[in-house]
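Examination of the molecular architecture
Here's the letter readout for the chains.
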Amino acid sequence: MEPTQESAIAKIIFWQRLTVFIFTLFLLSSWGFTIYEINLSLEIGYFDEVQEQHLFYIAFCLLGTYVAYLLLKSLSFLIAYQKEKEQLDLELAFQKQRHFWRVGPIVFMLILLAFIAMIIPALINTYN
Amino acid sequence: MDPNLLDDKNLDVEYRNSLLKELGKVEIWLSILAAFGFIAGAGLFFVAMSALEDKNEGVFLLGVLLMGLVGLVFYWSNTAFKYTRVIKWYDPELITNRLEHLFEDNSRLWRATALLFIWLFGTLSYIIYGGFFG
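A brief report on the enclosed structure follows. (Residues numbered from 1 in each chain as written. Chains lettered and ligands numbered in written order. Predicted model: local features only at pLDDT ≥ 70, side-chain atom pairs only at ≥ 80, totals over all residues.)

**Some words on the interface of chain A and chain B**
- Taken together, the contact pairs 28 residues of chain A with 26 residues of chain B.
- Mapped onto the side of chain A that touches chain B, the elements with two or more residues apiece are helix H1 (5-43) and helix H3 (87-127) of chain A.
- Classifying every residue of the side of chain A that touches chain B by side-chain character gives 16 nonpolar, eight polar and four charged. (Contact = placed C-beta atoms within 7 Å. Helix = DSSP H or I, 4+ residues; strand = E, 2+ residues; numbered from the N terminus. Nonpolar A, V, L, I, M, F, W, Y, C, P; charged D, E, K, R; others polar.)

**Remarks on helix H4 (residues 99-129) of chain B**
- The first and last C-alpha atoms of H4(B) sit 45 Å apart over 31 residues, in line with the 45 Å expected at 1.5 Å per residue.
- Trailing H4(B) by a residue or two, B:Gly131 shows a phi angle of about 75 degrees, which is positive. (Expected span 1.5 Å × (residues − 1).)

**So, the packing of helix H2 (residues 27-52) of chain B against helix H3 (residues 57-88) of chain B**
Residue and element names in this part refer to chain B.
- At a minimum axis distance of 8 Å, the contact between H2 and H3 shows a crossing angle of 160 degrees. With respect to their mutual orientation, H2 and H3 come out roughly antiparallel. For the pair H2 and H3, the sense of crossing is left-handed.
- Of the residues that constitute the contact of H2 with H3, the class distribution is 25 nonpolar, six polar and two charged. (Axes fitted to C-alpha atoms, helices over the stretch in contact; angles between N-to-C directions. Parallel < 35°, antiparallel > 145°, perpendicular 65-115°, else oblique. Left-handed = near helix turned anticlockwise from the far one by under 90°.)

**What to know about the nonpolar core**
- By size, the foremost hydrophobic cluster in this structure holds 41 residues, and its most contacted members are A:Ala93, B:Leu30, B:Leu66 and B:Leu116.
- Of all the secondary-structure elements, those providing two or more residues to this core are H1, helix H2 (52-84) and H3 of chain A together with H2, H3 and H4 of chain B.
- Each residue touching B:Leu116, except ones within four places of it in the same chain, is listed here: B:Leu72, B:Val73 and B:Trp76. (Core = buried A, V, L, I, M, F, W, Y, C linked by C-beta atoms within 7 Å. Buried ≥ 20, exposed ≤ 12 C-beta atoms within 10 Å, placed from the backbone.)

**What to know about the packing of H1(A) against H2(A)**
All names here are of chain A.
- With their axes 9 Å apart at the nearest point, H1 and H2 run at an angle of 160 degrees to one another. Accordingly, the angle class assigned to the pair H1 and H2 is roughly antiparallel. In this structure, H1 meets H2 at a crossing whose hand is left-handed.
- Split into classes, the residues belonging to the contact of H1 with H2 amount to 19 nonpolar, 10 polar and two charged.

Now the structure itself:
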């Protein structure tokens, strides 16, 4: 069957909605875990110094929240396009999608940096 | 006042051109992600293989989940790579390569993303609640 613009947009909306739902679940779990960890550290009085891992968790969750916002905006612009047929909504939806995909390599780099930051002190300790 | 500003057809062409520019800009980021995906998929494959060799049932199940993840990561990378090619060679003048075909490919990319996220979320939940981490 020959695809139409409407059917293709409807498919994008369906799959993007599913992605938003799963990503929101993941994000809520991440925020819950971060708050639980900070609360636990406060309870056992282990919060005298700034905990690097907590800062990392918070940075990760903030980045995740920004990504979820981009996904939701893209989805809302697509839904608006489906209703109003305004070309500008479509352009803005794809702009938010582009911003969403742009965050991916940044996250990879952050994970790589965190990995290097963990490996280098371990290597220094090994050779000392 | 420029009479062309009131011309709906002219405005439509202008919007269409800016939409095409916007669509084209995503190519670089998706290419990087697709490359990362192929590398991550290969790395995960070796982790999954070592988990599959384990005699413990829980670890074996984790290996199966990871193997599924490997398949989905490769599927996503392949879809993203194909989408970048479609954007690169997109020509609105060709009847076989219209905007709806491009949107169809975009929907395939989102399908792959949704499936990958579902599987990844399930695998992560199994790793955390199954006591494999921490």
